[in-house]
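# Report on the structure
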Amino acid sequence: MTAAQMRGRRAAPVAFGLIAVNAAIYLLGQIDPELGRRMFAEGAQHPALIDSGEWWRALTAVFLHGSLTHVLFNMWALYLFGPALEIRFGSAAFGAMYLASGLGGSAVYHLVGREAFAVGASGAIFGLMGALLASTYRQRHTPAGRAVFSQLTMLLAINLLIPAIVPNVAWEAHLGGLLAGALIASGWDRLPISGPGATTRRVAVAVAVAVVAIAVILL
């Protein structure tokens, strides 16, 4: 491991920790197929089961993946987008945003998704993309800002088209996560980037979005 990689991990411990946790959960399920089936059966999101009282599925599903391709793509996207956001806004705020975006994805899937099991960190990942779009939107009039915003918009459009090509993709979770992340970052843009209480206020914004998502799921 290079010195630059070590510095990156120290600067973004939550992003790299989330990658490790998601990878470990997937590998455990592959090493012990019975455990994998039990994690899916008890942790995957399903609207009817959540309505029956198994509320934790809205969160546990965010840490489960259905295939190697699924987990690799999501963790690559987390590696690509997560550290930059964590370094800019702080580890606590980033972690809160990640979880709130995942819950936002679960909320929209619960509202309009199919009566089928759904797993994956895609809602949280789309939240990161939504946050980056929102945070670069104001800079779109500068050459650098315009370039980054255009690249993100194109990447987002490609990802939003995937459900039209690949069957059984929970696009509702993608949309919910995207909206949650963009909403959180828009709120952050109106707060000071540093100073006393800056981190607490950013965490509070993300928690507020998470509370709304939980209310949508439970009510």
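Now for a quick tour of the structure. Because the structure is a prediction, the values reported are computed rather than measured. (Residues numbered from 1 in each chain as written. Predicted model: local features only at pLDDT ≥ 70, side-chain atom pairs only at ≥ 80, totals over all residues. Heavy atoms only, no water.)

## Re the nonpolar core
In this structure, L78, L85, F94, M97, Y98 and L128 are the most contacted members of the largest nonpolar core, which totals 43 residues. Going through the elements one at a time, α2 (13-31), α6 (68-89), α7 (91-112), α8 (122-137), α10 (171-188) and α11 (198-218) are the ones with two or more residues in this core. In this structure L78 touches A15, L18, I19, P83, F94, Y98, I125 and L128, once residues within four positions along its chain are discounted. The next biggest cluster of nonpolar side chains, apart from the first, holds five residues, and it includes A116, A118, A170 and A173. (Core = buried A, V, L, I, M, F, W, Y, C linked by side-chain atoms within 4.5 Å. Buried < 20%, exposed > 50% of the residue type's maximum accessible area, 1.4 Å probe, protein only. Helix = DSSP H or I, 4+ residues; strand = E, 2+ residues; numbered from the N terminus. Contact = heavy atoms within 4.5 Å.)

## What to know about the pattern of salt bridges
Taken as a whole and assessed by the stated rule, the structure comprises two salt bridges. With a shortest N-O distance of 3.1 Å, E34 and R37 are connected by a salt bridge. Residue E34 and its partner R37 are both found in helix α3 (residues 33-43); the two are separated by three residues, about one turn of the helix. Ionic pairing is found between R57 and E54, a salt bridge with its closest N-O pair at 2.5 Å. Classification of E54 by relative accessible area gives partly exposed; the value is 22%. (Salt bridge = Lys/Arg side-chain N within 4 Å of Asp/Glu carboxyl O.)

## A short note on the packing of aromatic side chains
The full count for this structure, using the stated rule, is six aromatic pairs. Measuring from ring centre to ring centre gives 6.0 Å for F16 and Y79, while their planes differ by 70°; the resulting arrangement is edge-to-face. On the criterion of sequence distance, the pair formed by F16 in helix α2 and Y79 in helix α6 is long-range, its members being 63 residues apart. Ring geometry for F94 and Y98: centres 6.4 Å apart, planes at 45°, overall tilted. In this pair, F94 and Y98 are both assigned in helix α7, four residues apart and thus about one turn of the helix distant. The burial state of F94 is the same as that of Y98; both residues are buried. (Phe/Tyr/Trp six-rings, centres within 6.5 Å; stacked < 30°, edge-to-face > 60°.)

## Considering the environment of L68
With respect to the secondary-structure elements, L68 resides in helix α6. Classification of L68 by relative accessible area gives partly exposed; the value is 47%. With 42 residues separating them along the chain, L68 and Y26 place their C-alpha atoms 8.1 Å apart.

## Points about the side chain of S122
Examined against the element boundaries, S122 turns out to sit in helix α8. Filtering out sequence-adjacent residues up to four positions away, S122 remains in contact with H70, N74 and H174.

## Here's the deal with the packing of α10 against α11
Two elements in contact, α10 and α11, have axes separated by 9 Å at closest approach and are oriented at 150°. By the angle class used here, α10 and α11 are roughly antiparallel. Note on packing geometry: the crossing formed by α10 with α11 is right-handed. Each of A180, L183, I184, G187 and W188 in α10 lies in contact with α11, whose residues at this interface are R202, V205, A206 and V209. Grouping the constituent residues of the contact of α10 with α11 by class yields seven nonpolar, one polar and one charged. (Axes fitted to C-alpha atoms, helices over the stretch in contact; angles between N-to-C directions. Parallel < 35°, antiparallel > 145°, perpendicular 65-115°, else oblique. Left-handed = near helix turned anticlockwise from the far one by under 90°. Nonpolar A, V, L, I, M, F, W, Y, C, P; charged D, E, K, R; others polar.)

## A closer look at α2
The end-to-end C-alpha distance of α2 is 26 Å, a good match for the 27 Å that 19 residues give at a rise of 1.5 Å each. Buried within α2 we find A15, L18, I19, N22, Y26 and G29. The buried residues of α2 occupy an angular sector of 105° when the element is viewed end-on, so they sit on one face. Tucked inside the fold, the buried residues of α2 contact α3, α6 and α7. (Expected span 1.5 Å × (residues − 1). Arc of directions from axis to C-beta.)

## Overview of α11
Taking 1.5 Å of rise per residue, the 21 residues of α11 would be expected to cover 30 Å, and the 30 Å separating its terminal C-alpha atoms lies within 8% of that figure. Within α11 the residues assigned to the buried category are A198, R202, A206, V209, A210, A213 and I217. The buried residues of α11 all sit within an arc of 105° when viewed along its axis, so they share a single face. Facing away from the buried surface of α11 by more than 90 degrees, the exposed residues are T200, V212 and L218. Check the buried side of α11 and you find it contacts α4 (47-51), α5 (57-60), α6, α7 and α10.

## Digging into a nonpolar patch on the surface
Together, W55, W56, I214, L218 and L219 line one region of the surface with nonpolar side chains, adding up to about 600 Å² of accessible area. Within the element layout of this structure, I214 appears in helix α11. Overall, the relative accessible area of 36% leaves I214 in the partly exposed class. (Patch = residues over 30% accessible without salt bridge, like charges linked within 9 Å, V, L, I, M, F, W, Y side chains within 5 Å. Areas by Shrake-Rupley, 256 points an atom, 1.4 Å probe, with all protein chains shown as cover.)

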